[in-house]
Amino acid sequence: MPDDCLFCKIAAGTIPAKIAFENDELLAFYDISPAAPTHILIIPRQHLLNTTELDEQSAPLMGRMMLAATQIAREQNIESSGYRIVTNTGADGGQSVMHLHLHLLGGRYMAWPPG
Ligand code: 5GP
Ligand code: ZN
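Residues numbered from 1 in each chain as written. Chains lettered and ligands numbered in written order. Predicted model: local features only at pLDDT ≥ 70, side-chain atom pairs only at ≥ 80, totals over all residues. Heavy atoms only, no water.

> A description of the side chain of histidine 101 should follow, citing residues and the corresponding values.
Its location among the elements puts histidine 101 in the loop between helix H3 (90–93) and strand E5 (102–106). The exposure class of histidine 101 is buried, given its relative accessible area of 6%. For histidine 101, the side chain forms a polar contact with the main-chain oxygen of histidine 99, separated by 2.6 Å. At 3.4 Å, the side chain of histidine 101 forms a polar contact with the side chain of histidine 103. Beyond its immediate stretch of four places on either side in the chain, histidine 101 contacts Phe7, Leu41, Ile42, Ile43, Met65, Val86, Thr87 and Gln95. (Helix = DSSP H or I, 4+ residues; strand = E, 2+ residues; numbered from the N terminus. Buried < 20%, exposed > 50% of the residue type's maximum accessible area, 1.4 Å probe, protein only. Polar contact = N/O pair within 3.5 Å; in protein donor to acceptor, adjacent residues only side chain to side chain. Contact = heavy atoms within 4.5 Å.)

Next up, the structure:
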């Protein structure tokens, strides 16, 4: 794990976060600066930079991240109203934290296309 990775530190418990879900390989926590009434981040405990590092081996992990996001959406009661799951990659994608994560956003209408 890179020493300076914020989300590795959150996964390790060194930096606190409000946890929504956790298991051996994944952690979900509330975004510190929510962009919607529901805004939860889903990360693997394992450090991966972003989607550019996905491969055949990590693809099932990404699938389980998606599944966790949908289960959290159900628990957050936004399943029927709808929600958006996004992952930002690199500079043009608007990625600011360099540890793979999904955003689960809901509780309001999401405009398309995104800004
Ligand atoms: P990105 O811009 O990389 O797609 O998303 C990073 C997200 O992490 C942003 O929505 C930002 O608000 C959130 N974030 C940044 N620092 C912290 C923090 O220390 N704690 C929590 N809970 N979220 C953070
Ligand atoms: Zn990391």
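> With reference to specific residues and values, describe the coordination of the zinc ion (ligand 2).
Note on the zinc ion (ligand 2): its protein donors are Cys5 (SG), Cys8 (SG), His47 (ND1) and His99 (ND1). The metal-donor distances range over 2.0 to 2.3 Å. Considering all four donor atoms around the zinc ion (ligand 2), the spread of angles at the metal, 105 to 114 degrees, places the coordination shape in the tetrahedral class. Sequence positions of the donors to the zinc ion (ligand 2) reduce to the motif C-x2-C-x38-H-x51-H. Taken together, the residues span a long stretch of sequence, with cysteine 5 in the segment before helix H1 (6–12) and histidine 99 in the loop between H3 and E5 at a distance of 94 residues. By the burial criterion, cysteine 5 is buried, and histidine 99 matches it. (Donors = N, O, S within 2.8 Å, 3.2 Å for Na, K, Ca; no water. Tetrahedral: all angles 85-135°; square planar, octahedral: opposite > 155°, others 65-115°.)

> Let's hear about unusual backbone geometry: which residues, and what values?
Look at the link from tryptophan 112 to proline 113: it is a cis peptide, with omega at 0 degrees. Considering the arrangement of structural elements, one finds proline 113 in the segment after E5. In this model, asparagine 77 sits at a positive phi of 60 degrees, which is unusual for a non-glycine residue. In this structure, asparagine 77 sits in the loop between helix H2 (59–75) and strand E4 (83–86).

> I'd like a rundown of the pattern of salt bridges, residues and numbers included.
Tallied over the full model, the rule gives three salt bridges. When the shortest N-O distance is used, the salt bridge between arginine 64 and glutamate 25 registers 2.4 Å. Of the two residues, arginine 64 sits in helix H2 while glutamate 25 sits in the loop between strand E1 (19–22) and strand E2 (26–30), which places them 39 residues apart along the sequence. Taking the relative accessible area as the measure of exposure, arginine 64 reaches 40% and is therefore partly exposed. The exposure class assigned to glutamate 25 is partly exposed, which follows from its relative accessible area of 25%. Close ionic contact of glutamate 79 with arginine 74 constitutes a salt bridge, the shortest N to O distance being 2.8 Å. Taking relative accessible area as the criterion, glutamate 79 reaches 41% and is therefore assigned partly exposed. (Salt bridge = Lys/Arg side-chain N within 4 Å of Asp/Glu carboxyl O.)

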